[in-house]
Amino acid sequence: MSGRLSRTLRRLAILAALSCAGAAQAAANPACPNGGLTIAYYEFGVAYHRGAGYDVDLVHALAQRLGCAIRDEQGYPRIRALKLLESGQADIGTSTLITPERQRLLWLLPYNRSKNLVLVNHDARADTLDALLKTPGLRWGVIRGYRHSPEEDALLSALERERKLVIASNEDDLYKMVCNGVVTAVFGHPISFDPWLQRHRAQQRVTVHDFFPDSEIISGGIALSKARFDARAAALWQEALRQMYRDGALRALMLRYLTEPSVDQVLKPPLE
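Note that this is a predicted model, so its numbers are computed, not measured. (Residues numbered from 1 in each chain as written. Predicted model: local features only at pLDDT ≥ 70, side-chain atom pairs only at ≥ 80, totals over all residues. Heavy atoms only, no water.)

A.B. asks: Residues and numbers for the overall build of the protein, please.
C.D. replies: Helix and strand counts for the protein stand at 11 helices and 10 strands. Within the span of the protein, comprising 272 residues, buried residues form 44% of the whole. Long-range pairs, those at least 24 residues apart, make up 77% of the contacts in the protein with a sequence separation of at least 6. When the accessible surface of the protein is totalled, it reaches about 14,300 Å², and 52% of it is carbon and sulfur. (Helix = DSSP H or I, 4+ residues; strand = E, 2+ residues; numbered from the N terminus. Buried < 20%, exposed > 50% of the residue type's maximum accessible area, 1.4 Å probe, protein only. Contact = heavy atoms within 4.5 Å. Areas by Shrake-Rupley, 256 points an atom, 1.4 Å probe, with all protein chains shown as cover.)

Set out below in structure tokens:
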């Protein structure tokens, strides 16, 4: 074998060894055992809209903390995103409602909570539910088919019998009605109404109240596909998320998109 050929073969062997070492190092990160991550978002208010939102910021922050590269990230219809996660065609999803059925196929790491609050037109000046219900000419806006707690549904049923309900076609219509005084009050989630009020500069037109403190709290979370992550990897993501809560990074991130009172509501109770 000539000296030139020998040197060439040695260089190729070194390059191959470096390549294998790099691949082994990338695969050695237990937080991302399959290498680069594929993220499946879905449109959800300020959480994700046209490639931006607090879900995007959160996933990027966690990936950076854990040393994981993001290979691909796209938005999908909600059901499609869930199917991709369940089948392992996507690694991570966001703003995923936590249910026992989904927990069979996904590691679900809660990072926000939400519940119905009551938006009251500023002219009503009602600080309690009892005072609100005694407001002359009370009218309550509602969207058919929206989810409420049993106690809230009971109230709406009673108001319907009294012909005090006004049906809105969508959330935009609902919030316009309460801000303009067409109705006295409506239910809404902070993640939904807060950006709407900011966008329309309508924060002073309503007051926000938690008249049902014991009503259901809905938890949303980061979803890791069990087809792509083992329990050890999921635990690392969970701890990184908790650390973001403890060091204030999660709160600071949410404040880019929501007002302080809404962030207080979304991050309560704590993730610990």
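From this point, the narrative continues.
A.B. asks: An account of helix H7 (residues 171-179) is needed here, citing residue identities and associated values.
C.D. replies: Among the residues making up H7, those that are buried are Leu174, Tyr175, Met177, Val178 and Cys179. Looking at the buried positions of H7, the neighbouring elements they touch are strand E5 (117-121), strand E6 (140-142), strand E7 (165-167), strand E8 (185-188), helix H8 (190-199) and strand E9 (206-209). You can read the cap of H7 off the contacts: a side-chain oxygen lies 3.2 Å from the backbone nitrogen of Asp172, and it is on Asn170. One or two residues past the end of H7 sits Gly181, with phi positive at roughly 80 degrees. (Polar contact = N/O pair within 3.5 Å; in protein donor to acceptor, adjacent residues only side chain to side chain.)

A.B. asks: Could you give an account of the pairing of strand E1 (residues 37-41), with specific residues and numbers?
C.D. replies: Here is the key point about a regular strand: its side chains alternate between the two faces of the sheet. In terms of burial, E1 is largely enclosed, as 5 of its 5 residues are buried. Residues of E1 alternate between two faces, with Leu37, Ile39 and Tyr41 on one and Thr38 and Ala40 on the opposite face, all of them buried. Relative to strand E2 (residues 70-75), E1 runs parallel, the two being bridged by 5 bridges. Opposite Ile39, over in E2, you have Glu73 as the bridge partner. Between the parallel pair E1 and E2, the chain is carried across by helix H2 (residues 54-66), and the sense of this crossover is right-handed. (Pairing = 2+ DSSP bridges. Right-handed = clockwise from strand over helix to strand, strands pointing away.)

A.B. asks: Just give me the short version of the pattern of salt bridges, but keep the residues and values in it.
C.D. replies: It is possible for side chains bearing opposite charge to pair when their charged atoms get close. Tallied over the entire structure, the rule returns 11 salt bridges. Here Asp247 and Arg65 are joined by a salt bridge, their closest N and O atoms 2.9 Å apart. Of the two residues, Asp247 is situated in the loop between helix H9 (231-246) and helix H10 (249-254) and Arg65 in helix H2; the sequence distance between them amounts to 182 residues. A residue is classified by how much of its surface remains accessible, and Arg65, at 39% relative accessible area, is partly exposed. (Salt bridge = Lys/Arg side-chain N within 4 Å of Asp/Glu carboxyl O.)

A.B. asks: Give me the lowdown on the sheet that holds strand E10 (residues 218-225), citing residues and values where you can.
C.D. replies: With respect to topology, 5 strands assemble into an open sheet ordered E2-E1-E3-E10-E4, the strand pairing being mixed. Both outer strands of the open sheet, E2 and strand E4 (106-114), are each paired with one neighbouring strand and no more. Strand-to-strand twist of the sheet, defined as the mean angle between neighbouring strand axes without regard to direction, takes the value 25 degrees. Relative to E4, H9 is tilted by about 20 degrees, and along the sheet it contacts E1, strand E3 (92-97), E4 and E10. (Axes fitted to C-alpha atoms, helices over the stretch in contact; angles between N-to-C directions.)

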